[in-house]
Amino acid sequence: ARPGPDRRPPGTGGRTMSPLPQTGHEHHEVIREHIDRLPGLADMLEQRPVPEAFATQFAAECDFMTGTLLPHIAVVEKNVYPQLERLQQNRHSMAHLRREHQEMAEIVEKMREYKERVDAGTLKPTIALEMRRLCIRFYALVKTHIGEEEEYLRVLQSNLSEGEQATVEQGLEHTSAN
């Protein structure tokens, strides 16, 4: 039986643990808050001149991507995907989601390169349009990816023991999705 609201699973130090999908959802909500800012940034890139506020807002999102999102990806690949591959006996590999993680890392790297141009004040209209396309592509990729990961967390909740779930949750808690 799964622990109820008043029961604490063994090995949790006396604290109540959230169900695995809820833990993942909480991390993803922080990511969504940032990703949901990208369409607004993309819209700013259509304006001529690009508003001065763009540079500061874009820098903040780049910092979030490198300081929080990329470490979150590494933790998910270490703690969640192996469990899913084991459960699925590699019939439904996580390769497609790992490829998306790689694509996200590549886009973040490209955004960091663009950030250098923004910081240097060399944002030509053609570069602004490239950046706009990249922001929208990243937004769509992350939004769909997070939805799929949350479905997989429900699979884990249904198929892992309480102890196995606790191990996955503890791994996820080591990310700072703030």
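In the block above lies the structure referred to throughout.
Residues numbered from 1 in each chain as written. Predicted model: local features only at pLDDT ≥ 70, side-chain atom pairs only at ≥ 80, totals over all residues. Heavy atoms only, no water.

Chemist: Before we go on, may I ask you to explain the overall build of the chain in this structure?
Modeler: Each helix and strand in the chain was counted, giving seven helices and zero strands. From first element to last, N terminus to C terminus, the chain shows the α and β order α-α-α-α-α-α-α. Counting over 178 residues, the chain shows a buried share of 42%. Counted over contacts in the chain with a minimum sequence separation of 6, partners at least 24 positions apart contribute 78%. Approximately 9500 Å² of the chain is accessible, and the part contributed by carbon and sulfur atoms is 50%. (Helix = DSSP H or I, 4+ residues; strand = E, 2+ residues; numbered from the N terminus. Buried < 20%, exposed > 50% of the residue type's maximum accessible area, 1.4 Å probe, protein only. Contact = heavy atoms within 4.5 Å. Areas by Shrake-Rupley, 256 points an atom, 1.4 Å probe, with all protein chains shown as cover.)

Chemist: I tried to follow the packing of helix α3 (residues 53–79) against helix α5 (residues 95–120) on my own but got confused; where do I start?
Modeler: Remark: α3 packs on α5, axes separated minimally by 10 Å, with the N-to-C direction vectors making an angle of 155°. The angle between α3 and α5 falls in the class roughly antiparallel. For the pair α3 and α5, the crossing hand works out as left-handed. For the pair α3 and α5, the contacting residues are F54, A55, F58, A59, C62, D63, M65, T66, L70, I73, V76 and E77 in the first and R98, H101, M104, A105, V108, M111, R112, Y114, K115 and V118 in the second. Each residue belonging to the contact of α3 with α5 can be placed in one class, and the counts come to 15 nonpolar, two polar and five charged. (Axes fitted to C-alpha atoms, helices over the stretch in contact; angles between N-to-C directions. Parallel < 35°, antiparallel > 145°, perpendicular 65-115°, else oblique. Left-handed = near helix turned anticlockwise from the far one by under 90°. Nonpolar A, V, L, I, M, F, W, Y, C, P; charged D, E, K, R; others polar.)

Chemist: Is there a simple way to explain the packing of aromatic side chains in this structure?
Modeler: Two aromatic rings are characterised by how far apart their centres lie and by the angle between their planes. Going through the model one piece at a time under the given rule, you end up with one aromatic pair. Arranged with centres 5.2 Å apart and planes meeting at 15°, the rings of F54 and F58 form a pair that is stacked. One end of the pair is F54 and the other is F58, both in helix α3 and four residues apart, which spans about a single turn. F58 shares its class with F54; the two are buried. (Phe/Tyr/Trp six-rings, centres within 6.5 Å; stacked < 30°, edge-to-face > 60°.)

Chemist: Got a minute to help me understand the packing of α3 against helix α7 (residues 162–173) in this structure?
Modeler: Each packed pair of helices is defined by two parameters, the angle between the axes and the distance between the axes. α7 packs onto α3 with a crossing angle of 165° between their chain directions and a minimal axis gap of 9 Å. Here α3 lies roughly antiparallel to α7, going by the angle between them. Relative to α7, the crossing made by α3 is right-handed. Every residue of α7 that contacts α3 at V75, V76 and N79 is listed here: V168, G171 and L172. For the contact of α3 with α7, a count of residues per class yields four nonpolar, two polar and no charged.

Chemist: Before we go on, may I ask you to explain α3 in this structure?
Modeler: Given 3.6 residues per turn, any residue in an α-helix points the same way as the ones three and four places further on. Relative to the 39 Å expected for 27 residues at 1.5 Å per residue, α3 spans 38 Å between its end C-alpha atoms, a close match to the ideal helical length. The largest bend along α3 reaches roughly 35° and is located at M65. (Expected span 1.5 Å × (residues − 1). Bend = angle between axes of the 7 residues up to and from the residue.)

Chemist: Before we go on, may I ask you to explain the nonpolar core in this structure?
Modeler: Buried together is how nonpolar side chains tend to be arranged in soluble globular proteins. Of all hydrophobic cores here, the largest spans 31 residues; its most connected members are F54, F58, M111, M131 and F138. Looking at this core, the elements that each hand over two or more residues are α1 (20–35), α2 (38–44), α3, α5 and α6 (125–159). Considering each element in turn, this core owes the most residues, nine residues, to α6. Dropping the residues within four chain positions of it, F54 is found in contact with L41, M44, L45, V118, L123 and M131. In terms of nonpolar packing, the next biggest core, distinct from the first, is built from 14 residues, V80, L84, L153 and L172 among them. (Core = buried A, V, L, I, M, F, W, Y, C linked by side-chain atoms within 4.5 Å.)

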